[in-house]
Amino acid sequence: MSKIRMMTAMLLAMVAVPALAQQANPAPAPAPREPPSNETTGIAVGRFIGDANTAAPHVTHDVMFTRTILSAGDPLQPGNPGAVLRYNKEVALWTLPEHNQTPIAQQPELVILYVESGEGRIDDGKQFWDLKPGIAVMIPPNQAHRFTNTGDKPIQMLMISRMLEPEVKPHDGLLVRDVNLLALTERNVHWSNMTKYVFLPPDGYYPTERFYIVYMNPMTIAGAHAHTRDQEEIWVKITDAPALMQLGSEIRPWVANSGFVAPPNGQTVHAAINMSNEQQAWLYYGRLAPPPVPGAPRPAPRPQNPAIVEGVERATIAGRPLSQLPATAWERRAH
């Protein structure tokens, strides 16, 4: 009997060891799967894309041309191509011909501009600021402004406009920054995005809005991700080198002055792909976080990198009196 008991104990031990091992090891994780294709979700991604190069030109400020890239609309309902902006009114390319000047104008919307090419100035009737590639301008609602092209080539500016909510306090006067002088605020976000914060809520924006310039180094791809129904993310390409845009299971060539709104269905991912040997740049607008709850405590601000703070101070340009400008030829003739 002792031998039988011994053999039984050995068999039970042999059976128990695998059982204990199975309990110690967790169940294998499910295999990762890609998000659904555009065919599965039934989304037509062409509706979320706009291109200034194929848009009909219209006149703005009496002498400038505007070509719409994206316009206001409901991104979750059927509508016209490019009419997908929930929070903004328009994204467009403005062109001021060489040796031309607009009259002083005002508009009810907040306008943000980024100068792509050309040289000139903007003024408010009292002060002026120089315009050149890399200059960004915030024009508050009902702010007087005038553009002058002082060069031999057109000035091209990407423009975003929107009506401000009543609770937003706009900036007092024109706000001008030289993006070339800003430090990189974010680095390697979504794998490859290098970002400069240009305008933020303290400058006169909604509390959860951001306006950036995003750079991608040669031969890099951003990590594809999706956005939900209450978010709005706009991308417009600034540079000319070859690139691709990914929207869900489809890709498109990405040329300068074209862009998209990320479909806010929580399923259609998006990404940028830099196919060139050059660093490239994109204009970015994002409204990703929910609005702050009135009366709720605000989270403590994160400590600021001194280089970033110094960059913003250095990049913010003060206006100079118009009286310092020499009179133009037509002004001399008028007098």
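Further up the page is the structure itself.
Let us look at the structure shown here. Predicted, not measured: the structure shown is a model, and the values here were computed from it.

1. Some details on empty space enclosed by the protein
The full count for this structure, using the stated rule, is two cavities of 30 Å³ or more. Taken as a whole, the largest cavity holds about 60 Å³ of empty space. Contributing to the lining of the largest cavity are Asn193, Ala222, Gly223, His225, Trp235, Trp254, Phe260, His270, Ala271 and Ala272. The greatest single-element share of the lining of the largest cavity, amounting to three residues, is contributed by strand E21 (residues 270-274). Looking at the lining of the largest cavity, its residues break down into six nonpolar, four polar and no charged. Of the volumes computed, that of the second largest cavity is approximately 30 Å³. In terms of lining residues, the second largest cavity is bounded by Pro75, Val84, Arg86, Arg229, Gln231, Glu232, Val261 and Pro264.

2. Some words on the pairing of strand E18 (residues 243-247)
Across the five residues of E18, five count as buried, placing the element largely inside the fold. The pairing of E18 with E21 spans five bridges and is antiparallel. Within E21, the residue paired with Ala243 across the bridge is Asn274. Here E18 runs beside strand E19 (residues 250-253); their pairing, made up of four bridges, is antiparallel.

3. Overview of the sheet that holds strand E14 (residues 193-199)
The strand order across the open sheet formed by seven strands is E1-E20-E17-E22-E15-E14-E13, and the pairing between neighbours is antiparallel. Strand pairing shows two members of the sheet lacking a second neighbour, strand E1 (49-51) and strand E13 (186-189), which therefore form its edges. Strand after strand, the sheet turns through a mean of 25° between neighbouring axes, direction not considered. Pairing of strand E17 (residues 232-237) with strand E20 (residues 258-261), which is carried by three bridges, proceeds in the antiparallel orientation. Along E20, the bridge assignment pairs Val236 with Gly259.

4. A short note on the pairing of E14
Of all the seven residues making up E14, seven are buried; the element is thus mostly covered by neighbouring parts of the structure. In terms of strand pairing, E13 meets E14 through two bridges, oriented antiparallel. Bridging across to E14, Val189 finds its partner in Asn193. The antiparallel pairing of E13 with E14 creates a hairpin that spans three residues between the two strands, and His190 there sits at a positive phi of about 50°. Across five bridges, E14 lies against strand E15 (residues 209-216) in antiparallel orientation. Of the residues in E15, the one forming a bridge with Tyr197 is Tyr212.

What counts as what
Residues numbered from 1 in each chain as written. Predicted model: local features only at pLDDT ≥ 70, side-chain atom pairs only at ≥ 80, totals over all residues. Heavy atoms only, no water. 1 Å grid on protein atoms, 1.4 Å probe; cavity = no way out; pocket = protein on both sides within 12 Å on 5 of 7 lines; lining within 4 Å. Points joined across faces, edges and corners; volume = space filled by probe spheres on them. Helix = DSSP H or I, 4+ residues; strand = E, 2+ residues; numbered from the N terminus. Nonpolar A, V, L, I, M, F, W, Y, C, P; charged D, E, K, R; others polar. Buried < 20%, exposed > 50% of the residue type's maximum accessible area, 1.4 Å probe, protein only. Pairing = 2+ DSSP bridges. Axes fitted to C-alpha atoms, helices over the stretch in contact; angles between N-to-C directions.

Limitation: the analysis is restricted to geometry and does not speak to function.
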